[in-house]
Amino acid sequence: MNRLIQIAAVLMVATVPSAWAQEASKGDAANGKKVYLADGCYQCHGRVGQGGLMTGAAPILAQTKMPFAAFHRQLRSPVNDMPPYPEKLLSEKEVADIYAFLQALPGRRPVKDIPLLNNY
Amino acid sequence: MKKQQIGRRGFLKGAGAVGAALGTSPGASTPAAAQQTASSSTAPLPNMASETLPPAPDTQQQTSSGGDFMVDVLKQLGIEYVTQTPANTFRGLHEAIINHGGNKSPEMLSCTHEEIAVAMAHGYVKIEGKPLAVLVQSTVGLQHAAMALYNAYCDQAPIYMLLGNSVDASKRLFSFEWSHAAIDPSVIVRDYIKWDDQPGSLQHFAESAIRAYRIAMTPPMGPVVLSLDSEMQENPIPDRAALSVPPLTRVAAPQGDSGAVAETANLLVKAENPVIIADRLARSQMGMDRLVELAEALQCPVIDSGGRGNFPNRHSLCHSGRGGAVLAQADVILGLEVGDFFGTTHVLSDRIERRSRSIIKPGVKTINISSSDLTPKGNNQAFQRFQAVDLTIAADAEQTLPALIEAVKRGTDASRRTAFEARGKRLEATHHAMMEQWKSDCTLGWDASPVSLGRLCAELYEQIKNDDWSMVGNGIRVTWPRRMWNFDKNYRWIGSSGGAGVGYNAPASLGAALANRKYGRLSVTIQGDGDLMFAPGTLWTAAHHRIPILYVMHNNRAWHQELMYVQAMCNRHGRGVENAHIGTTIDDPNIDFAMMAKSMGVYAEGPIVNAKDVGPALKRALAVVRKGEPALVDVVTDPR
């Protein structure tokens, strides 16, 4: 099963248009943060990508493991209840910038470093 | 033109003559005076008759009242509190409660809005297991109360409402007495109450009071309304000894058909992956204990939909957090008072075509034990989308569980028991991994400002975990408590509004806290800003009656669910979200909830924006609550 997933992941990356790959690598995290806040992504996913709730769960986005291609597709033609972000609302560069911002977020900390969470 | 001169003697003579001709008493000389004035072109003269003649005989004192008798009935019912906003149509009963009844069992509680009075009753009954009474003014008061009644109806909560009404038109004096009267006052809420009556006599009242209580408390529970004539409340009783109060006898809730129960047990025992979904199931600890016993007998996962405190969230068989995953594997699904079977077993897509997709496998056997079908109403649509459940057992699930547990145990042989144990071990490992994942997720945004909800809930639990706490409200479906806290008792959680009518959380939490007070429990609620602004006067009631409760504001400065909806609409049109805040945010100016609470006598802190300040503020506020007073901590949070 793991092998199948790996193959699928490779195929997914392989099908990413080269322009997208370039955008993903060149993303401006600082601008991505501005766009993330201005375009209301944080309303469901939280200001630091910690996830939230709309009609259903809004996934955690901080340091998302989602490949850029899948991320791009989810913005343009989202599944579930996420609103669509067509290019006239969010340029290709801005998509890459948001992705870079999400990758730059601090993400999870070790639970052991937070005493409050060790008392459960 | 010569003016007509009328002397005092002549005026009195004339007035007396007209009065006699009209057959009125000397004291009722208004028509004569009016006629006299109308025939004169001079300025109106004083009504000399009313000033000089003795008044007509009119009884001014009484030693008994219908209201006194009504209080006797309420005492027999064991009603401990009455919530109300004072009003003229129940002044007779009001006076009887505070004097004849000594303002004790029932004790009168003052509310600044009828919606608060009903919502308090809603929260109270979910902790106490029996209703308090709500006194409401006919027409104007009932219309204020209507929204909260609707929530209670949807939530199957028994509300015991007494409505003041002026039935006899010939006895209504002032204009407002007419606008506060109706020939059928309950009609405006009849779509979402179980039963109502307008007794024609005190004996009728006594019988209807007992009947109403019994109907309200029989599953599916729901609101009842008794319209009480104001004259009946106020006037003396000719013969108190002739009135009797029927005893309140026990009611056995409807139990599932024995054949259907046996069939259900057989399906569950034979299933490889049975799943239990519980919604408005557990009315008490007994309900939770029974569900635990059933789940452990089968070693099957339970999805607690949260309509009540149904199942301990730290139990290894609690898989509420991965409901989709366990349902996808299920071959038998047992629903227990599940209000939305369709929504639980489908993914719903809030798009233009509003599609849905089943997440359960074809051929899965589905059963729902529910009392909901026993008292259907046609107008409101709270029954949710139709789901073709294979077997519906029209009965009270909590009452049916003992028979089902017995049948499951009887049908489980050694080989099945071995299979169950193996299943239980797998589920335990998955449950543990889920809990560890949630802890890790909670670290995200730990130091963020505005404060993350994970941090807020962790800080709150740290302060209350060694108390006998009860989470009496969670206005905006914050998921962290049910992931991280230890909900090991039924009273740790009371469920939500039922009808999703905003304005429930603040007063219902207070009602539940009122019930918790005598058990010494620590009541906490996570309070949305939009919800509190529907009923801010709740805070005054909390302070006035010294009801200990901690309100922790989840202040995202918006009606945020609606903001997300509007944002989705904006994106659907490709118009951008920059205008989505219009009509959906609660800022400019920001509301200072701490100042608001303080103005009503409630200890308060905030607004708090830094995560490190949350814990110390909660600690100080809880010190106040533990002394028996309410407190509020306003935390400016991330939206979700």
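Right, let's walk through the structure included here.

The rules behind the values
- Residues numbered from 1 in each chain as written.
- Chains lettered and ligands numbered in written order.
- Predicted model: local features only at pLDDT ≥ 70, side-chain atom pairs only at ≥ 80, totals over all residues.
- Contact = placed C-beta atoms within 7 Å.
- Helix = DSSP H or I, 4+ residues; strand = E, 2+ residues; numbered from the N terminus.
- Nonpolar A, V, L, I, M, F, W, Y, C, P; charged D, E, K, R; others polar.
- Pairing = 2+ DSSP bridges.
- Axes fitted to C-alpha atoms, helices over the stretch in contact; angles between N-to-C directions.
- Buried ≥ 20, exposed ≤ 12 C-beta atoms within 10 Å, placed from the backbone.
- Right-handed = clockwise from strand over helix to strand, strands pointing away.
- Parallel < 35°, antiparallel > 145°, perpendicular 65-115°, else oblique.
- Left-handed = near helix turned anticlockwise from the far one by under 90°.

In this section: the interface of chain A and chain B. Counting residues at the interface gives 32 residues for chain A and 31 residues for chain B. Where the side of chain A that touches chain B is concerned, the elements lending two or more residues are helix H4 (41-45) and strand S1 (52-53) of chain A. Grouping the constituent residues of the side of chain A that touches chain B by class yields 17 nonpolar, nine polar and six charged.

This brings us to the sheet that holds strand S7 (residues 274-278) of chain B. Residues and elements named next belong to chain B. Taken in spatial order, the five strands make up an open sheet running S8-S7-S9-S12-S13, and their pairing is parallel. Lying at the two open borders of the sheet, with one neighbouring strand each, are strand S8 (302-304) and strand S13 (391-394). Direction aside, neighbouring strands of the sheet carry axes that sit 15° apart on average. In terms of strand pairing, S7 meets strand S9 (residues 332-336) through five bridges, oriented parallel. By the bridge assignment, alanine 278 is partnered in S9 with leucine 336.

Residue and element names in this part refer to chain B. Burial analysis of strand S4 (residues 160-165) places six of its six residues in the buried class, which makes it a mostly covered element. Residues Tyr160, Leu162 and Gly164 of S4 are buried on one face, and the alternating residues Met161, Leu163 and Asn165, pointing to the opposite face, are buried as well. Relative to S4, strand S3 (residues 133-137) is paired through five bridges, and the arrangement is parallel. Bridging from a neighbouring strand, valine 136 pairs with leucine 163 of S4. Following the backbone out of S3, through helix H7 (residues 140-154) and into the adjacent parallel S4, one traces a crossover that is right-handed. In the sheet, S4 pairs with strand S6 (residues 224-229) via six bridges, with the strands oriented parallel. Among the inter-strand pairings, asparagine 165 is bridged to a residue of S6, identified as aspartate 229.

Take the packing of helix H11 (residues 258-270) of chain B against helix H15 (residues 397-411) of chain B next. When two helices pack together, their arrangement is given by the angle between the helix axes and the distance between those axes. All names here are of chain B. The interhelical angle for the contact between H11 and H15, taken along N-to-C directions, is 50°, at an axis separation of 9 Å. As summarised for this structure, H11 and H15 are arranged oblique, according to the angle between their axes. Judged by the twist between their axes, the crossing of H11 over H15 is right-handed. Contacts between H11 and H15 involve Ser258, Val261, Ala262, Thr264, Ala265, Asn266, Leu268 and Val269 from the first element and Thr400, Ala403, Leu404, Ala407, Val408 and Gly411 from the second. Partitioned by chemical class, the residues of the contact of H11 with H15 number nine nonpolar, five polar and no charged.

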